[in-house]
Amino acid sequence: MVTDNQMGQPQRPQSSEQQILLLGQVLHSLREEDNLDFLIKTTVTYLLEQFEYQLIWLALYDPLNHTLYGRGGWTPDNDHNALQRNIRLYEGNLLEQVVNEQCPVGVSNLQAEARIPEWQEVAAQYNIQGTIILPIRYKNNLLGLVLLGSERWGYLLKGELRAKLFIVIGELGVVLAQKDRSSRFSKSPTDSLLKLLENIRSLGSLNKRLEAVVEAAHQFVAPSRTNIYWLEREGRYFWCRMSNHLINMGRDLSNPSAATAGITVQELSDFYYALAVNQVVWVTETGSSLKSHFKDKLLQRLGVRAVLAAPIIWQKDLLGFLSVESHEQRIWSEAEMSFVQAASGFISLVAPTDSMETTIRQIQQDTQLTQQVAQTIYKEQDIDASLHICAARLLERLTATRFVLLEYDSNQKKYEIIFQSVRPNRRNLNLSLGELSEVDIQLLQNAKQALEIENFEEDLRLLNWRKQLLENSVRSLLICNCTQGRVPELLLLITHDSHRSWKNLEKELLWVFAQNLGVVIRHWQMRTFSEDQHKIAQTAKKYLDILTNSAQKITPTAAIKQIASVLGCPFGFMLSWSPDDQEASIIRGVCTDNQFTLLADAKINIKQEAIIH
C-alpha cells in the first residue's frame, strides 16, 4: 500500500515562518521576473531546496507541434542532454495523458513504467522510482509540465507539501500565461501584411505576385509547405499553380489539357463547398472546421497532418485557394488564420487584372449576343434560324454540349422539347420530361439567376428528370425559367457531358439571354395565335359563302374537299353516325398524298374511339 511517507526525501528542517517567508519570496520573484530562463531557474531551485528530489524536469508545451520542449531541471550530475530533451507526444504516452487531461499523474516506479519510455533509461541511471508529473496550466490553457522523481518507491505527498508545490506551479502557470499572451500579441500579422501589400503593388505579372504571397505566408506561418491551388471549372479540380518548393508549378493557361488533375471536387466536395461560400478551412488530426469525415480524406490526399486554407474569390466566383500545410501535428493560431485569409484576399484583388482585356472583350461579345436576341422581337425573320445562330454562339461561350428549350404541355402534363441545338458529334435529345416537383417549381419560379447543378448524380434538384438526363449523358447543367416570377412553363436548359461549374458572369449572361428569349417566344406565340385565329375566321367565312352561293346540293364528300382545299390539307374524311347507332361510318373525302391510307369498311365504335371523344 502506498502511504504519504513513500514519496521523496523529508522536508529540510525549517520553521513555519521561514517556509512561508521563502514561499512568498519565490512567488514575488516569479511575478516580477520577465526572463523565461530565470523563471525556470527560480522554480527549479525552490523545488530542489524544499523537496530534495533527485530528478527535476521542467518542459514547456507547444500545442502547434504537440511537443514538450525541455527548458531546465536538475539531475545529480547536471546532465544537460537529459534536461533539454524535446519529446513529441503520441497516443498512449503518459506525458500526453497529463497534457490532455491537465491533471497530475503519479508513477510508483519510473524505471518500470512502459508508458513513458523516454525516461526509463534516465530513471535507471539515477535509481529513480517514485515520480509525480504535474501540469503547468492557467485556466484551461496547458503551458507545460514538471516531472519530479525520487529514489523512494511511491508518489503520494503530504497535504502541506502538496499545497506548497501546487502554489508554486500554479503561480508559474499564471506568469507563463501572461508571457504567452504577450508573445501572441507581438505576432500580429499587420506589419507583415502591409509589407506584402507594398511588395505586390511593385510587381507586374500575376505569377510574380503569387510568388510574393507564397513566400510571405511561408515566412509568417512557417509550415512545411505553402501552395496556391487554382480551380479548373470544366474538369472540376484544383491544380497547384504556385508553391514554395517549386515556384510556378502551373501549366500553360491557354492549354488546359496540359494540366494534370490535382484535387478533384468530387472526392472532397465538403472542402470545395466551404471554400465556395468564402469560409476559411482548417484541418488537423484532432479537429476540423469541416463537420464531416472529409478531413481525413483531405489530409491523406495532401499527404500532411495539418492544413489551413483560405479561398480566393472574385465576384462570387471561387478562383482557387491559398494553403499552408504541415507534416507535423499543429494547431493554427488566430494570427496565422488572419494572415492567410488576408493574403488570399490580396490575390483576389490582383488576379482579375491578369485577364482584364480578355474580360472586357468577353463582356462586349456577351452584350452583342443579348442584343441579337432582342432584335428578333422587332424583325420579321425566322425565329428558328435566329435561335440556331444564338444557340451555337452561346454553347461556344459557355463551353457546353446542348442548348435545349422546353415548353410545358398542360394536357400531357410534361415538358416537350420545342427547340434544341448541339455541338458537333453530339446527338439530339429524343425525349419528353415529366412534371417537376413542387419544390423545383418554387425554386425556378422564385429564381433570379440561372440555377447551376455541377454534379447531377449527387444533386437532389430536378430529381424527377435525373434518370432520363443521366441516360442521355447529362452530368452538369444550367437551367433558367424564361418567365421570371411565373410558373415555369418555358425553360432553357444548357447541359454538359462532364461534371463542371460556370462563372457568375456566364450564369448572368444565360439569365439575360433566357429572359429575352422568353419575350421573343411569347411574342412569336401571340403572333402565331393571332394568325391562326384570323385564318380560321377567313376559312369559316369562305365555306359559308360556298354553301350560300352554291346552286347545287353540297354532298358531305364535296364539303370535305372544299374544307381541305381551304386549309391546304392533303387528306380528309368524315365520321358519321345517328343518335342510336353503336358504330360510325366513314365518309371518304380527299387523299392526295400516298402516305395516307383509309380503310373505308373499318368498324368505328362510337363509345371507344378516342378521336370522337
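Look a little higher up for the structure.
Let me sum up the structure you'll find in this document. (Residues numbered from 1 in each chain as written. Predicted model: local features only at pLDDT ≥ 70, side-chain atom pairs only at ≥ 80, totals over all residues. Heavy atoms only, no water.)

With respect to the pairing of strand β8 (residues 237-243)
Most of β8 sits inside the fold, with 7 of its 7 residues counted as buried. The sheet contact formed by strand β7 (residues 225-232) and β8 spans 6 bridges and is antiparallel. By the bridge assignment for β8, Trp 230 is matched with Trp 239. Between β7 and β8, which pair antiparallel and follow one another directly, the connecting turn spans 4 residues, one of which, Arg 236, has a positive phi of 55 degrees. Inspection of the sheet shows β8 paired to strand β9 (residues 263-264) by 2 bridges, in the antiparallel sense. The residue of β9 that forms the bridge with Tyr 237 is Thr 264. (Buried < 20%, exposed > 50% of the residue type's maximum accessible area, 1.4 Å probe, protein only. Helix = DSSP H or I, 4+ residues; strand = E, 2+ residues; numbered from the N terminus. Pairing = 2+ DSSP bridges.)

Considerations on the pattern of salt bridges
The full count for this structure, using the stated rule, is 14 salt bridges. As a salt-bridge pair, Arg 426 and Asp 497 come within 2.8 Å of each other at their nearest N and O atoms. Placement of the pair is Arg 426 in the loop between β14 (414-422) and β15 (432-434) and Asp 497 in the loop between β18 (490-496) and α16 (504-549), with a sequence separation of 71 residues. Assessed through its relative accessible area of 38%, Arg 426 is described here as partly exposed. The exposure class assigned to Asp 497 is partly exposed, which follows from its relative accessible area of 23%. (Salt bridge = Lys/Arg side-chain N within 4 Å of Asp/Glu carboxyl O.)

Some points on the nonpolar core
A general tendency of soluble globular proteins is for nonpolar side chains to be buried together. If you look at the biggest cluster of nonpolar residues, it comprises 34 residues, and the most contacted ones within it are Leu 196, Ile 228 and Trp 230. The set of elements that each furnish at least two residues to this core consists of α7 (190-201), α8 (206-221), β7, β8, β11 (306-314), β12 (317-326) and α11 (334-350). It is α8 that provides the largest number of residues to this core, a total of 9 residues. Leave out the neighbours within four places in its chain, and Ile 228 touches Leu 210, Val 214, Trp 239, Cys 240, Arg 241, Met 242, Ile 312, Phe 321, Leu 322 and Ile 347. Counting 30 residues, the second-largest nonpolar core is a separate cluster that includes Ile 136, Val 146, Leu 148 and Val 168. (Core = buried A, V, L, I, M, F, W, Y, C linked by side-chain atoms within 4.5 Å. Contact = heavy atoms within 4.5 Å.)

Observations concerning the packing of α7 against α11
Two elements in contact, α7 and α11, have axes whose closest approach is 11 Å; the angle formed by their N-to-C orientations is 20 degrees. The orientation of α7 relative to α11 falls into the category roughly parallel. Viewed along their axes, α7 and α11 form a crossing whose handedness is right-handed. Residue-level contacts link Ser 192, Leu 193, Leu 196, Leu 197 and Ile 200 of α7 to Phe 339, Ala 342, Ala 343, Phe 346 and Val 350 of α11. Residues of the contact of α7 with α11, tallied by class, amount to 9 nonpolar, 1 polar and no charged. (Axes fitted to C-alpha atoms, helices over the stretch in contact; angles between N-to-C directions. Parallel < 35°, antiparallel > 145°, perpendicular 65-115°, else oblique. Left-handed = near helix turned anticlockwise from the far one by under 90°. Nonpolar A, V, L, I, M, F, W, Y, C, P; charged D, E, K, R; others polar.)

A short note on the packing of aromatic side chains
All told, the structure shown has 14 aromatic pairs when counted by the stated rule. Both rings, one in Phe 220 and one in Phe 339, keep their centres 4.5 Å apart while their planes meet at 10 degrees; by these two values the pair is stacked. Within this pair, whereas Phe 220 is found in helix α8, its partner Phe 339 is found in helix α11, the two being separated by 119 residues in sequence. Assigned by exposure class, Phe 220 and Phe 339 land together as buried. Judged by centre distance (5.8 Å) and plane angle (80 degrees), the rings of Phe 403 and Phe 419 are edge-to-face. Taken together, the residues Phe 403 in strand β13 (residues 402-409) and Phe 419 in strand β14 connect sequence positions 16 residues apart. Neither Phe 403 nor Phe 419 differs from the other in exposure class; each is buried. Through pairs of rings, three or more aromatic residues link up here, namely Tyr 229, Phe 238, Phe 271, Tyr 272, Tyr 273 and Phe 321. (Phe/Tyr/Trp six-rings, centres within 6.5 Å; stacked < 30°, edge-to-face > 60°.)

Description of the sheet that holds strand β2 (residues 67-74)
Here 6 strands make up an open sheet; going across it, the order is β3-β2-β1-β6-β5-β4 and the pairing antiparallel. Each end of this open sheet is capped by a strand with a single partner; those strands are β3 (86-88) and β4 (105-107). Mean inter-strand twist for the sheet, computed between neighbouring axes without regard to direction, equals 25 degrees. In this sheet, strand β6 (residues 141-149) lies alongside strand β1 (residues 55-62) in antiparallel orientation, the contact comprising 6 bridges.

Some words on the sheet that holds strand β21 (residues 604-605)
Spatial strand order, β19-β20-β21: 3 strands in an open sheet with antiparallel pairing. Across the chains shown, the open sheet's two edge strands, defined by having one partner strand only, are β19 (571-576) and β21.

Observations regarding the environment of Ile 560
Tracing the backbone through its elements, the reader meets Ile 560 in helix α17 (residues 556-567). Of the residues examined, Ile 560 reaches a relative accessible area of 8% and is grouped as buried. A sequence separation of 12 residues divides Ile 560 from Gly 572, and the C-alpha atoms of the two residues are 6.5 Å apart. Dropping the residues within four chain positions of it, Ile 560 is found in contact with Gly 572, Phe 573, Met 574, Ile 587, Arg 588, Gly 589 and Val 590.

A word on the packing of α8 against α11
Between α8 and α11, the least distance of the axes is 10 Å, while the angle of their chain directions is 175 degrees. With respect to α11, the axis of α8 lies roughly antiparallel. Side by side, α8 and α11 meet where Leu 206, Arg 209, Leu 210, Val 213, Ala 216, Ala 217, Phe 220 and Val 221 of the first sit next to Ala 335, Glu 336, Phe 339, Val 340, Ala 343, Ile 347 and Val 350 of the second.

With respect to the environment of Tyr 61
One can find Tyr 61 in strand β1. By relative accessible area, Tyr 61 is classed as buried at 16%. Residues Tyr 61 and Leu 142, spaced 81 residues apart in sequence, show a C-alpha to C-alpha distance of 7.2 Å. Contact partners of Tyr 61, with chain neighbours within four places excluded, come to His 66, Thr 67, Leu 68, Leu 89, Val 99, Leu 142, Leu 143 and Gly 144.

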